[in-house]
Every structure is written in structure tokens, then in C-alpha cells.
Amino acid sequence: RSLPRAIGLLKRHEMQTKRFAWSAPLDDGLLFHVCHWDTETTLSPATMGRVVDVQNALSTWRPAVEAHGEFVMHVADPVAPWNEGTWHVGFEQGHVEVRQSADAPDVRLDIQALSQCYFGTPTVAEVRRAGRLAVECEHGYAAMQSFFAGPPMFLNDSF
């Protein structure tokens, strides 16, 4: 898309440009197109986000149309008591239904970990490996992974 134009612009102004900064999503392929010893890559988190309303955020989520399943998660959120509790999430054909539940949770996590899963980076599996997500039922955990599968969100913003 705009990558070839940007590279072309740099090529035409190479004698005038000493340094070039490129802000890109995590899966950007620029590094593979500009493979040179002078290329410096720096990864720095540029976004901050938090799920403020669990039920609304998950209800408006659009998983892949072919994804389907259900899971029950317990969310700890001492700052926003309306988020705290156990939530049943069912999804099929791109439609999501979220409701509070008295069922035993398949997964347990706090709002920080849920926010990371929601934004897609790190992934649900990486959140689990970091010890931020406790799994009570592997089947429910697999459904949660399927629910949040997909590319991470890209917000061209920084703080």
C-alpha cells in the first residue's frame, strides 16, 4: 500500500536524509524489505488501553465468522466493581452473547490481563505463559483463544 511509496520517496531523497523513523504495527514487513546493517529496529509499546466495561466490550467484539464456542471467565477488577465477577461468553457466526454467570469459571484473570487479550498483544497463550491467566478447563480456554484469535489491534497513536 503506502510502503512502496515511502521507500521510493526515501530513495529519491537519500542524499538529504540522515535518519528515518517508521511507526508500524507489530506485523509490519518493512524490516524484511529493508535488510541492511545500518537499519536499526526498536520495539516500544505505543498504546495504553483498558477494558472499562467487560460486558459491552465483549458483546461488541466480532470474532471470525467460522469461530464458535463458549467459555466462562472470572474477571477481577477492584477499581471497577461492575466488571468484577463471572461472565459467560457464547459466540457463533460472528454473533456474541455475554451475560453474568454462576457457573464455575473455565479461566480466571484480572482486568489487566483481559485488556491485553482484547487488544491482541500479547496473545491469550502468551498471557497464560506469563502466569496472568489461570486455566480451570482446557476446553473453555481453547474457546477463549478462538474468540480472541486474529491480528492485534493497531492504533497509530502514542502517549
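Data block above holds the structure.
Residues numbered from 1 in each chain as written. Predicted model: local features only at pLDDT ≥ 70, side-chain atom pairs only at ≥ 80, totals over all residues. Heavy atoms only, no water.

## A closer look at the sheet that holds strand E2 (residues 85-92)
Spatially, E3-E2-E1-E4-E5 is the arrangement adopted by the 5 strands of the open sheet, whose pairing is mixed. Each having just a single partner strand, strand E3 (95-100) and strand E5 (133-135) make up the two edges of the open sheet. Strand after strand, the sheet turns through a mean of 25° between neighbouring axes, direction not considered. Bridge count for strand E1 (residues 68-76) against E2 is 8 bridges, and the pairing is antiparallel. When the bridges of E2 are listed, Val-72 appears paired with His-88. Contacts from helix H6 (residues 138-148) reach E1, E2, E3, strand E4 (107-110) and E5, with the element oriented near 100° to E1. (Pairing = 2+ DSSP bridges. Helix = DSSP H or I, 4+ residues; strand = E, 2+ residues; numbered from the N terminus. Axes fitted to C-alpha atoms, helices over the stretch in contact; angles between N-to-C directions. Contact = heavy atoms within 4.5 Å.)

## Some words on the side chain of Ser-115
Tracing the backbone through its elements, the reader meets Ser-115 in helix H4 (residues 111-119). Residues contacting Ser-115, with those up to four places away along its chain left out, are Gly-49, Arg-50 and Val-51.

## Let's talk about H6
Residues of H6 that are buried: Gly-140, Tyr-141, Ala-143, Met-144, Phe-147 and Phe-148. Along H6, the residues classed as buried sweep out an arc of 160° about the axis, all on the same side. Just beyond H6, the residue with positive phi is Gly-150, at close to 130°. (Buried < 20%, exposed > 50% of the residue type's maximum accessible area, 1.4 Å probe, protein only. Arc of directions from axis to C-beta.)

## Side note on the pairing of E3
One ladder, built from 6 bridges, connects E2 with E3; its direction is antiparallel. Paired with Glu-92 across the bridge in E3 is His-95. Remark: 2 residues form the turn of the hairpin made by E2 and E3, two consecutive strands paired antiparallel; Gln-93 in that turn has positive phi of roughly 50°.

Scope: geometric values only; no functional claims are made or implied.
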